[in-house]
Every structure is written in C-alpha cells, then in structure tokens.
Amino acid sequence: MPPKKYSHINFKPTESVANAARSALQLRRQQPPSRRGGTAVGVARARQLANRQQVSPSTAKRMKAYFDRHEVDKKAEGFKRGEKGYPSKGKQAWELWGGDAGYGWAKKLVRQLN
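Engineer: How would you summarise the pattern of salt bridges if you had to cite specific residues and measurements?
Structural biologist: Counted by the stated rule, this structure contains five salt bridges. Where E15 meets R52, a salt bridge forms, and the shortest distance between an N and an O atom there is 3.1 Å. On the criterion of sequence distance, the pair formed by E15 in helix α1 (residues 15–29) and R52 in the loop between α2 (40–50) and α3 (57–70) is long-range, its members being 37 residues apart. In this structure E15 comes out as partly exposed when scored by relative accessible area, which is 37%. For K64, the salt bridge is made with D68, and the minimal N-O distance between the two is 2.6 Å. Placement of both K64 and D68 in helix α3 is noted, with a separation of four residues, approximately one turn of the helix. With a relative accessible area of 23%, K64 lands in the partly exposed category. Overall, D68 belongs to the partly exposed group, its relative accessible area being 36%. Counted as one network, the salt bridges with shared partners bring together E15, R22 and R52.

Now the structure itself:
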C-alpha cells in the first residue's frame, strides 16, 4: 500500500501496460534460451504488471529510470519487427517492463509523485 500522501495516485498498471507485459512474457518464452532477453527482475516486473498488481512509488521511479537508461536500445538492430534479429534481447527486456505504454505510465506516475 502506498503512503497516504499518494492516495490520489493510481498505482495499478493500465490495461495497455499489462497487455505489453503479457505479450513480452509470451514472446520471451518462444525464444530459445540463448536468445531470451530480460533479467530475473524484468521477468518478475512483467508478471507484476501483467497481473495488474499495484506498484510502489519506488518501483514507479525505478521503472522510469530503467526506461530512461534503455531508450537507446530502441535504435539497435532487431528492436523493430521485420529487422534482422527481431526480437532483440533489448526489445524483449523493454517490453517486459511494459513497453512504450509502461514508459508513458511510469513518467506520469513520477510526475504525480513529484
């Protein structure tokens, strides 16, 4: 449960964030082990988001920080459908954290926290 001072903020992932995480888990399962992207933390985050479980304020901040650091991965080969190596490990990891929908949601949460 978030602190009372954040009672005006909805920390439950949106349906689009949950859908991205669900799709990422499925996409990752379809890859051979050597081609799977994401860490144990990313997979755990995807499960949390896919199940639409509330995140904590600190998790929202970590999500935004993850996306800020890894936005450069979007420029790598294999990030976009149709490119050689799709889905890259970076693409899989990005989607595990909720993809573009997750990034937008995390930015919104952090704005509200501040």
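Alright, that's what it looks like, and here's the rest.
Engineer: Tell me about the side chain of T59, and please be specific about residues and values.
Structural biologist: Its place among the elements puts T59 in helix α3. For T59, a relative accessible area of 6% gives the class buried. Among the polar contacts listed, one links the side chain of T59 to the side chain of S56, at a separation of 3.0 Å. Look past the residues within four positions of T59 in its chain and what remains in contact with it is R45 and Q48.

Engineer: Account for the packing of α3 against helix α5 (residues 99–113), naming residues and giving values.
Structural biologist: Interaxial distance between α3 and α5 falls to 8 Å at its minimum, and their mutual angle equals 125°. The orientation of α3 relative to α5 falls into the category oblique. At the point where α3 passes α5, the crossing takes the left-handed sense. Contacts between α3 and α5 involve P57, A60, K61, M63, K64, F67 and D68 on the former and, on the latter, G99, G102, Y103, W105, A106, K107, L109, V110 and L113. Residues of the contact of α3 with α5, tallied by class, amount to 10 nonpolar, two polar and four charged.

Engineer: Outline the environment of R28, supporting the account with residue identities and numerical values.
Structural biologist: Secondary-structure assignment places R28 in helix α1. Sequence separation between R28 and A40 is 12 residues, and the spatial gap between their C-alpha atoms is 12 Å. Setting aside its immediate chain neighbours within four residues, R28 contacts R36, G37, G38, V43, Q92 and L96.

Engineer: Provide a residue-level description of the environment of G104, including the pertinent values.
Structural biologist: Among the secondary structure elements, G104 is positioned in helix α5. On a C-alpha basis, the gap between G104 and S88 in space is 21 Å, while along the polypeptide they are 16 residues apart.

Conventions used here
- Residues numbered from 1 in each chain as written.
- Predicted model: local features only at pLDDT ≥ 70, side-chain atom pairs only at ≥ 80, totals over all residues.
- Heavy atoms only, no water.
- Salt bridge = Lys/Arg side-chain N within 4 Å of Asp/Glu carboxyl O.
- Helix = DSSP H or I, 4+ residues; strand = E, 2+ residues; numbered from the N terminus.
- Buried < 20%, exposed > 50% of the residue type's maximum accessible area, 1.4 Å probe, protein only.
- Polar contact = N/O pair within 3.5 Å; in protein donor to acceptor, adjacent residues only side chain to side chain.
- Contact = heavy atoms within 4.5 Å.
- Axes fitted to C-alpha atoms, helices over the stretch in contact; angles between N-to-C directions.
- Parallel < 35°, antiparallel > 145°, perpendicular 65-115°, else oblique.
- Left-handed = near helix turned anticlockwise from the far one by under 90°.
- Nonpolar A, V, L, I, M, F, W, Y, C, P; charged D, E, K, R; others polar.

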